[in-house]
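An overview of the molecular structure
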Amino acid sequence: IIMALMDDVRAGMMAAMKNKDKVRKDALSALLAAMKSKMIDNKGQLSEDDAIAVVAKEIKQLKETMDTAPESYVEVKEECAAKIAVLSEFMPKQMDEEEIKEVIRGVLAGLGLEKPEAKQKGIIMKNLMPLVKGKADGKLVNEILATFFA
């Protein structure tokens, strides 16, 4: 059981409460609740990958809220942006485009595909995603992979 990340979140929440930082406290409180829920779903187990997936999901939900909120809801958008910044501290460093391309090239070489075709996307993604999970946005990986097809 990887509790280090959960302990970091709990400690961050306590510090935010002491500092009366409401946005930070709320963001970390929601994250902690989501992690506990995931842990219950996994019968008391929470791997590091699971914990990171929970953080990523929370960030994604906040981004969706931000994107779908009307322009006039400035406070909502600002609060979401602030919470995303807080939660991002608990994510591993995200890969940039060049790093993702490097991993894709490695996967293609491993599969012996010099000129991949769109119909091979499934097998490529199956080998690729475990290598970038939690370290890169799936949508971005998908877009970059599309550039490799002839």
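Look above for the structure.
Worth saying up front: this structure is predicted, and the values here are computed from it rather than measured. (Residues numbered from 1 in each chain as written. Predicted model: local features only at pLDDT ≥ 70, side-chain atom pairs only at ≥ 80, totals over all residues. Heavy atoms only, no water.)

Moving on: the environment of isoleucine 84. As for its position among the elements, isoleucine 84 is in helix H4 (residues 74–88). It is 8.4 Å that separates the C-alpha atoms of isoleucine 84 and glutamate 58, two residues lying 26 residues apart in sequence. Not counting the four nearest positions on each side in its chain, isoleucine 84 is found in contact with Ile59, Leu62, Lys63 and Met66. (Helix = DSSP H or I, 4+ residues; strand = E, 2+ residues; numbered from the N terminus. Contact = heavy atoms within 4.5 Å.)

Along its twelve residues, helix H6 (residues 121–132) runs 16 Å from first to last C-alpha, staying within 8% of the 16 Å computed at 1.5 Å per residue. Turning to H6, its buried residues are Ile124, Met125, Leu128 and Val132. Buried residues of H6, seen end-on, are gathered within an arc of 95 degrees and therefore sit on one face of the element. With respect to the buried face of H6, the exposed residues turned more than 90 degrees away are Gly122, Lys126 and Pro130. Looking at the buried side of H6, the elements it contacts are helix H5 (97–111) and helix H7 (138–146). Just downstream of H6, glycine 134 is the residue with a positive phi angle, here 80 degrees. (Expected span 1.5 Å × (residues − 1). Buried < 20%, exposed > 50% of the residue type's maximum accessible area, 1.4 Å probe, protein only. Arc of directions from axis to C-beta.)

Another point: the environment of lysine 135. Structurally, lysine 135 is set in the loop between H6 and H7. Placed 35 residues apart in sequence, lysine 135 and isoleucine 100 show a C-alpha to C-alpha distance of 9.4 Å. Beyond its immediate chain neighbours, meaning those up to four positions away, lysine 135 contacts Lys93, Gln94 and Met95. Of the polar contacts made by the side chain of lysine 135, one reaches the backbone oxygen of leucine 131; its length is 3.3 Å. (Polar contact = N/O pair within 3.5 Å; in protein donor to acceptor, adjacent residues only side chain to side chain.)

Core analysis: the largest hydrophobic core is formed by 24 residues, its most contacted members being Leu5, Val9, Leu28, Leu31, Met35, Val55 and Leu87. Broken down by element, this core gets its largest block of residues, seven residues, from helix H2 (residues 22–41). Setting aside its immediate chain neighbours within four residues, leucine 28 contacts Val9, Gly12, Met13, Val86, Leu87 and Phe90. Among the nonpolar cores identified, the runner-up in size contains 16 residues, and Leu108, Met125, Val141 and Ile144 belong to it. (Core = buried A, V, L, I, M, F, W, Y, C linked by side-chain atoms within 4.5 Å.)

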